[in-house]
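Spelled out from the first residue to the last, the chains are:
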Amino acid sequence: MTNPPNRVWIQIQISFILLLTHVSLSSSSDQSSIKTDAVSLLSFKAMIQDDPNNILSTWTPRKSPCQFSGVTCLAGRVSEINLSGSGLSGTVSFNAFTSLDALSVLKLSENFFVLNSTSLLLLPLSLTNLELSSSGLIGILPENFFSKYPNLISITLSYNNFTGKLPEDLFLGSKKLQSLDLSYNNITGSISGLTIPLSSCASLSSLDLSGNSISGYVPVSLTNCTNLKSLNLSHNNFDGQIPKSLGELKSLQSLDLSHNRLTGWIPPEIGDACGSLQNLRISYNNVTGVIPDSLSACSWLQTLDLSSNNISGPFPDKILRSFGSLQILLLSNNFISGEFPATLSSCKSLRIVDFSSNRFSGVIPPDLCPGAGSLEELRIPDNLVTGEIPPAISQCSELRTIDLSLNYLNGTIPPEIGDLQKLEQFIAWYNNLAGKIPPEIGKLQNLKDLILNNNQLTGEIPPEFFNCSNVEWVSFTSNRLTGEVPRDFGLLSRLAVLQLGNNNFTGKIPSELGKCTTLVWLDLNTNHLTGEIPPRLGRQPGSKALSGLLSGNTMAFVRNVGNSCKGVGGLVEFSGIRPERLLQIPSLKSCDFTRMYSGPILSLFTRYQTIEYLDLSYNQLRGKIPDEIGEMIALQVLELSHNQLSGEIPFTIGQLKNLGVFDASDNRLQGQIPESFSNLSFLVQIDLSNNELTGPIPQRGQLSTLPASQYADNPGLCGVPLPECKNGNNQLPAGPEEEKRAKHGTTAASWANSIVLGVLISAASVCILIVWAIAVRARKRDAEDAKMLHSLQAVNSATTWKIEKEKEPLSINVATFQRHALDTHLSVSTLAGTPGYVPPEYYQSFRCTSKGDVYSIGVVMLEILSGKRPTDKDEFGDTNLVGWSKMKAREGKHMDVIDEDLLSAKEGSETREGYGGVIVKEMLRYLEIALRCVDDFPSKRPNMLQVVALLRELRGSEDNSHSNSS
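Procedures and definitions
- Residues numbered from 1 in each chain as written.
- Predicted model: local features only at pLDDT ≥ 70, side-chain atom pairs only at ≥ 80, totals over all residues.
- Heavy atoms only, no water.
- pLDDT = per-residue confidence, 0-100.
- Helix = DSSP H or I, 4+ residues; strand = E, 2+ residues; numbered from the N terminus.
- Contact = heavy atoms within 4.5 Å.
- UniProt positions renumbered as here; feature names shortened; annotations may be inferred.
- Phe/Tyr/Trp six-rings, centres within 6.5 Å; stacked < 30°, edge-to-face > 60°.
- Buried < 20%, exposed > 50% of the residue type's maximum accessible area, 1.4 Å probe, protein only.
- Core = buried A, V, L, I, M, F, W, Y, C linked by side-chain atoms within 4.5 Å.
- Polar contact = N/O pair within 3.5 Å; in protein donor to acceptor, adjacent residues only side chain to side chain.
- Disulfide = S-S within 2.5 Å.

Attention now moves to the confidence of the model for the chain. Confidence along the chain averages 80 in pLDDT terms, with 75% of residues attaining 70 or more. At the level of individual helices and strands, the chain shows its lowest average pLDDT in helix α8 (residues 814-830), which scores 35, and its highest in strand β33 (residues 480-481), which scores 98. Note on residues 4-32: pLDDT is under 50 here. Beyond four places in sequence and across chains, it has 1 contact.

To continue, consider the UniProt feature "domain: Leucine-rich repeat-containing N-terminal plant-type" (unreviewed entry) in the chain. On the UniProt side, "domain: Leucine-rich repeat-containing N-terminal plant-type" (unreviewed entry) is annotated at positions that read residues 36-73 here. In residues 36-73, the share of helix is 32% and the share of strand is 8%. The end C-alpha atoms are 14 Å apart.

The geometry of an aromatic ring pair comes down to the distance between the two centres and the angle between the two planes. Applying the stated rule across the entire model yields 19 aromatic pairs. Ring geometry for Phe466 and Phe489: centres 4.9 Å apart, planes at 90 degrees, overall edge-to-face. On the criterion of sequence distance, the pair formed by Phe466 in the loop between β31 (456-459) and β32 (473-475) and Phe489 in the loop between β33 and β34 (497-499) is long-range, its members being 23 residues apart. Classification of Phe466 as buried rests on a relative accessible area of 8%. Under the relative-accessibility criterion, Phe489 is labelled buried at 0%.

Quick look at the nonpolar core now. In terms of nonpolar packing, the biggest core is built from 178 residues, with Phe97, Phe426, Phe465, Phe489 and Phe662 touching the most fellow members. Those elements giving two or more residues to this core turn out to be α1 (4-47), β2 (77-82), β5 (112-116), α2 (145-148) and α3 (368-371). Of all the elements, α1 adds the most residues to this core, at 3 residues. For Phe465, the residues in contact, after removing those within four places along its chain, are Ile441, Gly442, Leu450, Val471, Val474, Phe489 and Leu492. In this structure, Leu881, Ala930, Cys933 and Val934 belong to the second largest nonpolar core, which totals 28 residues.

Examined against the element boundaries, Ser258 turns out to sit in the loop between β15 (254-256) and β16 (261-263). Overall, Ser258 belongs to the buried group, its relative accessible area being 5%. Within polar-contact distance, the side chain of Ser258 engages the side chain of Asp256 at 2.7 Å. Non-local contacts of Ser258, meaning those with residues more than four positions away in its chain, are made with Ser234, His235, Arg281, Ile282, Ser283, Tyr284 and Asn285.

Right, let's talk about the state of the cysteines for a bit. Evaluated as defined, the whole model comprises 5 disulfides. Residue Cys66 pairs covalently with Cys73 via a disulfide, S to S 2.1 Å. Across the S-S bond linking Cys66 and Cys73, the dihedral sits near -100 degrees, which makes this disulfide left-handed. Here Cys369 engages in a disulfide with Cys396; their sulfurs sit 1.8 Å apart. Because the torsion about its S-S bond is -105 degrees, the bridge between Cys369 and Cys396 counts as left-handed.

Moving on to the side chain of Asp615. On the secondary structure map, Asp615 appears in strand β41 (residues 613-615). Judged by its relative accessible area of 0%, Asp615 is buried. Engagement of the side chain of Asp615 in a polar contact is seen with the side chain of Ser617, the distance being 2.6 Å. The residues touching Asp615, leaving out its near neighbours within four places in the chain, are Leu522, Asp523, Leu524, Asn525, Gly567, Val568 and Glu639.

Put into structure tokens, the structure is as follows:
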């Protein structure tokens, strides 16, 4: 019998052996799982085709997965993979990760995978955090995704290519989900019927569906997500009214419904969510009515953005008293009226105020500052504000931008403005400001833009101003400034735009302007300047590259019309102002601003190698045009008219391949027009009238296609479009018989061919027309355009109708159509700057595109068919040719669009009745093609080659119809 001590010892030994066995088995199991994890990760690595940063270089079989870059382990298992921003590419699948049953966090954002959305269903069920933004996901979001992964807490799938409609039971089985981001995909369809049980989204705090194409009503069921803190539905196609029930979301901190199609009033019930609401954005919708007083309960509100709607009525001044936390207040582009809110001074944290394009009246409150002492931006252009600029504005020491343009301000510029040491933009154009420019402005060391054109300022430019060494844009156009143009402009090393036109400056143009190596826009028109033109002005070839100039500016080029103001026009800062505004308001000054373009300044605007806009017209300049102007290789607008210039036109100007406008009329220029002008392929307007020029007009290039009026009053000038030269070919100008024969030849051409000719001409020049009007660099035609032009030439040669000489003239007045084609060509050349040819999307981007060219071609076709100009207030009122034609088409009055002169058939003529009917049908078909070209949406317009195909298709039907009718 074994004694008790020995028995205890034996039991201890057995227990120890069992423990060692268990540890050994556990160690063996863990080792097996780590190996499995390694196999999975290496399998994923094998799918990667490019690893530019060698992130996966540590992923080798000889290392533990826990030592792989971007891999984190917990308890000996892979728990997190973070390869975001690695730039990896390849066609991948998540089947490699299926066996990673300890993986809880997967972050693969900002890579370049090709990854089908069905692969999401192969992920391990243990996941709690999934980040796959900008990872190349494509396809439809799987219907059962959330229910299969009930442990997911955070999902980020933004900036991918998810398509299709979201399933109505999207949130079923997602009880733990706290954050869902599906923003900026291509999700479509309605979610109005979205089913969201209270139990399924109780944990959801953030939902972001922005940047898609989701339509329908905002789902009322979202109110079941009672813990929702952030809801972003912006940049979609939601319509209907803002749900009142959103006020039930008592935890809501941020609500963004901007950039949709919402209508109706802002529901007062929104105020019920104000206990926590910090950001409210409803901009860019069609919201109407007044701003509800209930917003006064939003004491925590930091951002209120109601801009670009149709909100009207007076601003509820009292709500500002409770906005102690408000930092951003954006109300621009509405119809809000009433006095400028005096309680704005109650908003101690306010940084940005934008009241642009409203109907605010009254004066700027004198106690605005220092009450709103944190103010950085004050934008109130395009309102009805009166009175003076309060000197106390200088007490808002954080101000960087002051924009008071297009108001009725009077008085002087307060010298206290010089105390705003952080001020970068002082913009107050188109007011009634008078007096002198205060020398205290010279203290503004950070000033970039000083835009004070169209006021009543007097005196000289103070020398202290040139202490503003960072200034980039100076505009004093249309004031009453006197004295000489200061030489110290040459000290401003960042000056890009200088506009001093329409003042009373005297003396010579300072040669120091040639030291302004960043100057690309110089306008000195309509002064009393004398002397010769300096050989060097502005930016010169070889100047160092520019960066950062005029960044953040929004430009409008205002085209002067008539004789009330001289010069081509000018640039103005146009941020926050409706594009049509200058077409609606009565002129506050003498200039008739009836044509303009607006949009953000292009990045290329300050990358030009030389000055690109030069207007010295309406002065008393003498001497020759400097040969050195031909070295300004980026020059697009050259205005020298109404001076006393003499000598010959420099041959070097013909080297300016980007030149779109050259006006040297009303001078004393002599000699011939240089043959080098034939190389100016971008030239759309030239005026050499009222000079002493002689010899033939160069027949190559575009010079011979321009109106005769552009060469008038040069007794020795000849050649098309003027009478033919007597020397050279020894032919006299054509007499009546020759003109009659020429007219008969013209009649033999078809009206359809005229359309193609007009299309061909417009395609080559319409983008140039736009470019010179805004003075930005014209881009070269892309390959598609070249192919289109080649095809159009083929169509042009193929569509000439063969009509036997002995046959009676057609019922359609073909000669009239030829005249329309010629008129169209001339209008493209002479109406440069006319908005009628410009596609609507151009005002947002200032970019020439092939679809934009198609729009312009459609305008030309409408112009030929109708015989009407693109813009004519007497004919179209507030609309234009495109809008009028669309209206007639909607009303079923297509024949009203076609010019009656084209339908000159004698009534009752049996011999031509059938043929005339065919012609009318073909005209209507051309009208249909033209209307397709001018569709408001670029994506719905045909491309250039499709336009050609449509014309060819019509040509085929013409041949058949003419054959049958014959």
